[in-house]
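# A closer look at the structure
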Amino acid sequence: MSKSDVVIIGNGVAGLMAALVSADEGKKVTLLSYGAGTFPLNSGVIDILGYDEQGKAVNSPITGIDQVPDSHPYKKIGMAAIEDAIKYFKKTVADEGFAYTGSLKEQQWLITGIGTLKPTCLLPESLQGSRCFDASEIVIVGVKGLKDFYVDMVKENLAKELGADKKYTTITVDTYITGRDLTTRDVAKWVESDKGYGEFLAQIKGQAGAGKAVIVPQILGTKGDYVVYKKLSKDLGCTVVETTGMPPSVNGIRLRDVLLSALKKKGIRVVENAKAEKAIVKGDKVTAIEAGGEVRTQTYEADKFILATGGFYSGGITMRDFGEYKEMVFGLPVEGDCVEERWVNKQLFSDKKQAFSMAGVRVDDSLRAVDESGNVVLKNVYVVGRNLSGYDFCFEHSGNGVALTSAYKAAKA
Amino acid sequence: MVKDKATVVVVGGGATGVGILRDLSMRGIDALLIEKLDMVNGASSRYHGLLHSGARYAVKDQEAAKECIKENTILRRIGKSCVEATTGMFVQVEGDDPDFVDPWLKGCAESGISTRELSKEEALRLEPNLSRKLKVAYEVPDGAIDGFRMSWQNLQSAARYGGRYKTYTELIKVNIENATVKSITVRDNVTKEEYDIECEILVNAAGPWAGKVAELAGLECNVSPSKGTLIAFNQRITNHVVNRLRKPSNGDIFVPHGSITILGTSSITIPDPEDTSTSWEEVEELMKTGVGVFEHLRDYRILRVFAGSRPLYVPKGAEGGRNASRGFVTIDHEKEDGLKGMMTICGGKFTTYRLMAEKFCDVLAPKLHNTAKCRTAEEDLVPEVSEAEKKAARQYFPSYGVNLAATRLGVEKFGDVVKTLKEQPETREVLCECENVTMAEIQRIAAEPTSHCVADVRRRTRLGMGTCQGNYCAIRSAAVANKLFKNKFEGCSDSLSDMKNFLQARWKGITPVMAGKTLREAEMTRGMYELLFNVNGGRRG
Ligand SMILES: Cc1cc2nc3c(=O)[nH]c(=O)nc-3n(C[C@H](O)[C@H](O)[C@H](O)COP(=O)(O)OP(=O)(O)OC[C@H]3O[C@@H](n4cnc5c(N)ncnc54)[C@H](O)[C@@H]3O)c2cc1C
Ligand SMILES: Cc1cc2nc3c(=O)[nH]c(=O)nc-3n(C[C@H](O)[C@H](O)[C@H](O)COP(=O)(O)OP(=O)(O)OC[C@H]3O[C@@H](n4cnc5c(N)ncnc54)[C@H](O)[C@@H]3O)c2cc1C
């Protein structure tokens, strides 16, 4: 196998972004992919910083970032790289026909599948919730047989957020698909088909109209192309808003497909089902990665390696027993406050960050792992995304933001 | 204000209390049971669920061993759908004391507990996950018992004889005149209303809280709550109950329940029975002992950790903890303390709850000039759903939930649920995939007057008790059930808060084991509820 300039390990948001940016730097890139990443879970919106240290809503992500502690990945990535990364991401998805709205200056709001509001930074237009703030009537559309989207619950919570002076109506449409429970993906396919679209439109048209806003689950087509969304907005003559909800997330998959399409255009080699298992190290540098393929182990040589294996959720880092952390590919040092009194908050939905969610690889400003005295462990290995220590992506709403911006910085290094 | 009246009021909705309610009702005595929270709030669900054969007590306490084997046989008969007749195994591994075997065999024989020696090969064939360091194995008639279901079926049985019960009704005061109990004051913990109930006899069956209840009547009753910690694994590691064949100590027993296995337990004397906290150290101690019997124990996913306290009665000057007697006492406070109209029952085991009730009621009934004989061993707790009914139901049930639902629900409710499934096909949606619970069942249970929050529905349906630990069904059940509750429990006033509380209760069980695969699950839960649903609310600040 011919040697690459950069090998990227992991195919989540961070891995795909790192691959794209590296290729634009003129590098020969190989991406080792394994599993699905969190795309099918994470709704494909880019949170940068939703809440500050005290749990207060951040109105302007750029100001919020300024105030995070020094141990936070954003401080290591630096504002310049963050701004460039956002620009880069927006251009990439726009070029693919799936433009995202939002900027670092002003927080965006979306409507969740239970009717609460969620702050986020960049998102597809179809998910932008603030467009319905001025509507006189909110029409909430459920789907018969679709779990996890309950119109009454959406109505109850949305009315609390947007005020009781609006009118809230609920309807439930029938897909005429029988015999099984449906997921948003099934319904999105139905809406995308000519027949399904007609049936869908016929059932909601009477309720929609000027001045109203129609709230739906993530069902406006499976593709990141706005085709169904634009058509429906026109046919209904009003605002249509998608919501975030239980996996599988149609929009997460849209984003993945869009990024993979961009990767393909840049000729990046993506090796499927290649689980990185071992690093070959010479001195303080890695020369190659051994990855298990379907049939046998392959060796991937490169000058530079980017580790985007997704932390605890995706198996990049494990902790079999308390304190026994393991970064699975390079054995990099992991830091975390694994002390019984602090490791897990008594409250699940806590007003404090959860220590276990902040555990990760300790890195310096170049995003390379460092030992306890601050010395870089492996000179040509960069760590990105959920693998990083020092932030709680759930508490502060920053998951895809850290993933994108750290990947950008590592790729540029 | 007096709002209710009963000849006997039983305090405590655990196995002991419900057993007494059934017994009294069957003898024709007018009785009312009150429970401060939901039924089976204490030791009777926070326990191991072993239907003892008695073999565990064969060496030290043959009296208890004999009671166990007798009751074991009775409960298998009257409570078929609550018992898993797994049979049990007593095993020794390398290092265990071989001299313990003979006295144990002798004790079993004398107590009437059958034992069968298994060759190492046979034992490993029956239970392939057992340690290769296995030395000896015996089979005994242990089983597994579902504490929630058993208790509820006792209540249903009592209700058929006129017995009544109230949940979320806490005894807060005992009203005494002339050294006689006249009435009690209770608080409705849902509506917060306080009122009086008149009674002739007050029965303190509050388990580990019995000491506190006695205090309300100005009496002293030395109950020493002894906390035990248990670990639930996400696999059926073993089909038999597996006991370590040695002097009873911590982490000795594995009990399979449906698709899970529970390992336990420990024994720590605590001042307050409300304390159900667990620590890393307790978990590790159990695990360390457990790997002796199942060497791959650390590779299984832990679902949750929980704890409960035993109602150990300690006569003055005696020892508490594991060395305290597992027997029980009946205290007639008229004789002991000169207070007429109050009795306490304390101690014992789940396995012997029926016998305890029988002996207790044999003392109580004559006080009311009632001479009826105990009949609780003669009659099944609930009628079973017939095969014909199950067969007819199959066409409306999604996937293979019929048997589970039939045993969970019992004849009457099962009939209601099947009718709904037939008439309203949209209610066939499976809201809890782990335990196969349909929307129709959840709606049926939620509409009962004793349901005030999703957790109540959980305890009656097993919703959220399986592999996903509520990750997927929390939103579904909250959205479907919360609007059906007539009165809502504190902090569960709408579907969002109810959902959060439900997940919080599950969280408590997983925090002590936040390592290994549990970390991944936790990131998933947080991602879904904090990010995708932003349950903490939007523009807060
Ligand atoms: C339920 C849920 C909802 C979320 N919602 C949001 C949201 O709304 N907005 C937001 O911004 N963020 C959200 N997040 C957070 C966000 O998904 C993550 O923080 C972010 O995407 C992490 O990206 P990553 O690329 O570092 O990791 P991942 O997406 O986890 O990707 C890592 C990839 O590496 C692969 N991998 C692991 N080990 C190896 C190996 N040895 N060899 C090869 N490949 C390997 C994995 O299989 C996986 O595909 C959510 C997360 C969850 C769990
Ligand atoms: C860790 C552990 C493992 C065990 N394993 C087994 C086993 O495997 N097999 C077995 O047979 N036995 C086992 N036991 C023993 C068994 O669980 C108990 O003996 C039995 O459940 C006690 O039942 P109870 O009704 O007396 O008490 P509880 O079940 O605790 O019931 C007492 C009830 O009283 C209520 N109450 C308290 N105060 C008030 C008030 N003021 N007003 C109204 N209600 C009130 C409480 O809420 C509670 O529901 C175990 C016990 C523990 C702790």
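The structure we're discussing is the one just above.
Residues numbered from 1 in each chain as written. Chains lettered and ligands numbered in written order. Predicted model: local features only at pLDDT ≥ 70, side-chain atom pairs only at ≥ 80, totals over all residues. Heavy atoms only, no water.

## Re the sheet that holds strand 7 (residues 137-143) of chain A
Residues and elements named next belong to chain A. If you walk across this open sheet you meet the four strands as 8-7-9-10, and the pairing is parallel. Looking at strand neighbours, the two that pair on one side only are strand 8 (167-173) and strand 10 (239-242), the edges of this open sheet. With strand direction ignored, the average angle separating the axes of adjacent strands in the sheet is 25 degrees. Across four bridges, strand 7 lies against strand 9 (residues 212-216) in parallel orientation. Looking at strand 9, one finds that Glu137 is bridged to Lys212. (Pairing = 2+ DSSP bridges. Helix = DSSP H or I, 4+ residues; strand = E, 2+ residues; numbered from the N terminus. Axes fitted to C-alpha atoms, helices over the stretch in contact; angles between N-to-C directions.)

## Concerning a negative patch on the surface
There is a patch of like negative charges on the surface, built from A:Glu340, A:Glu341, B:Glu281 and B:Glu285. Listed by contribution, the elements that provide at least two residues to the negative patch are helix 11 (340-343) of chain A together with helix 7 (280-293) of chain B. Looking at the secondary structure, you find B:Glu281 in helix 7. For B:Glu281, a relative accessible area of 66% translates into the label exposed. (Patch = residues over 30% accessible without salt bridge, like charges linked within 9 Å, V, L, I, M, F, W, Y side chains within 5 Å. Areas by Shrake-Rupley, 256 points an atom, 1.4 Å probe, with all protein chains shown as cover. Salt bridge = Lys/Arg side-chain N within 4 Å of Asp/Glu carboxyl O. Lys, Arg positive; Asp, Glu negative; His and termini not counted. Charge placed at Lys NZ, Arg CZ, Asp CG, Glu CD. Buried < 20%, exposed > 50% of the residue type's maximum accessible area, 1.4 Å probe, protein only.)

## So, the site of ligand 1
Close to ligand 1 lie 36 residues; A:Tyr34, A:Thr38, A:Ala276, A:Ser314 and A:Asn400 are nearest. Lying at an intersection of chains, ligand 1 is approached by residues of chains A and B. A:Tyr34 is positioned such that a nitrogen or oxygen atom in its backbone is 2.4 Å from an oxygen atom of ligand 1. Between an oxygen atom of ligand 1 and a main-chain N or O atom of A:Gly37, the distance comes to 2.8 Å. Expressed as a share of its isolated accessible area of 1000 Å², the protein-covered part of ligand 1 is 98%. Going through the elements one at a time, helix 1 (13-24), strand 12 (275-282) and helix 14 (399-412) of chain A together with helix 16 (517-532) of chain B are the ones with two or more residues in the shell around ligand 1. (Near = heavy atom within 4 Å. Polar contact = N/O pair within 3.5 Å; in protein donor to acceptor, adjacent residues only side chain to side chain.)

## A closer look at the interface of chain A and chain B
Often the size quoted for an interface is simply the accessible area lost on bringing the parts together. With 60 residues of chain A at the contact, the number on the chain B side is 54 residues. When the two sides are added together, the surface that chain A and chain B hide from each other amounts to roughly 5000 Å², 61% of it contributed by carbon and sulfur. Per-residue buried area on chain A facing chain B is highest for A:Tyr313, A:Leu348 and A:Phe349; these three make up 16% of the total on that side. Counting across the interface, chain A meets chain B through eight salt bridges. Of the charged contacts, one joins A:Asp148 and B:Arg476 as a salt bridge, the two residues approaching to 2.6 Å between their closest N and O atoms. Across the chain A-chain B interface, the total number found is 23 residue pairs in polar contact (both at pLDDT 80 or more). Every element with two or more residues in the side of chain A that touches chain B is listed here: strand 5 (117-120), helix 5 (151-162), helix 10 (311-314), helix 11, helix 12 (355-358) and helix 13 (393-396) of chain A. The biggest single contributor to the side of chain A that touches chain B is helix 5 of chain A, with seven residues. Taken together, the residues that form the side of chain A that touches chain B break down as 27 nonpolar, 16 polar and 17 charged. (Contact = heavy atoms within 4.5 Å. Buried area = accessible area lost by both parts, 1.4 Å probe. Nonpolar A, V, L, I, M, F, W, Y, C, P; charged D, E, K, R; others polar.)

## Side note on the packing of aromatic side chains
If you walk through the whole model with that rule in mind, you get 20 aromatic pairs over all chains. Relative to B:Tyr165, the ring of B:Trp152 has its centre 5.9 Å away and its plane inclined at 80 degrees; by these criteria the two rings are edge-to-face. Taken together, the positions of B:Trp152 in helix 5 (residues 147-160) and B:Tyr165 in strand 9 (residues 164-166) put the pair 13 residues apart, joining distant regions of the chain. Assessed through its relative accessible area of 10%, B:Trp152 is described here as buried. Assessed through its relative accessible area of 28%, B:Tyr165 is described here as partly exposed. Aromatic pair B:Tyr168 and B:Phe489: ring centres 5.0 Å apart, planes at 45 degrees, arrangement tilted. In this pair, B:Tyr168 sits in the loop between strand 9 and strand 10 (169-177) while B:Phe489 sits in the loop between helix 14 (473-481) and helix 15 (495-510), placing the two residues 321 residues apart along the sequence. For B:Tyr168, a relative accessible area of 2% gives the class buried. Taken together, the aromatic side chains of A:Phe89, A:Phe98, A:Tyr100, A:Tyr226 and A:Tyr229 make up a single cluster linked through ring pairs. Here the basic side chain of B:Lys3 rests over the ring of B:Tyr195, its NZ or CZ set 4.7 Å away from the ring centre. (Phe/Tyr/Trp six-rings, centres within 6.5 Å; stacked < 30°, edge-to-face > 60°. Lys NZ or Arg CZ within 6 Å of the ring centre and 35° of its normal.)

## Focus on the packing of helix 11 (residues 402-423) of chain B against helix 12 (residues 439-446) of chain B
All names here are of chain B. Two elements in contact, helix 11 and helix 12, have axes separated by 9 Å at closest approach and are oriented at 105 degrees. Viewed along their axes, helix 11 and helix 12 adopt a mutual orientation that is roughly perpendicular. Facing Ala405, Arg408, Leu409, Glu412, Lys413, Asp416, Val417, Thr420 and Leu421 of helix 11, the residues of helix 12 in contact are Ala440, Glu441, Arg444 and Ile445. Looking at the contact of helix 11 with helix 12 residue by residue, the class counts come to six nonpolar, one polar and six charged. (Parallel < 35°, antiparallel > 145°, perpendicular 65-115°, else oblique.)

## Looking at unusual backbone geometry
Here the amide bond leading from A:Pro247 into A:Pro248 is cis, since omega sits at 0 degrees, within 30 degrees of zero. Look at the link from B:Gly264 to B:Thr265: it is a cis peptide, with omega at -5 degrees. You can see B:Thr265 is positioned in the loop between strand 16 (260-264) and strand 17 (268-269). If you check the backbone angles, A:Asp148 has positive phi at about 70 degrees while not being a glycine. Tracing the chain through its elements places A:Asp148 in the loop between strand 7 and helix 5. Of note, A:His397 is a non-glycine position whose phi angle comes to about 55 degrees, a positive value. Mapping A:His397 onto the fold places it in the loop between helix 13 and helix 14.

Scope: geometric values only; no functional claims are made or implied.
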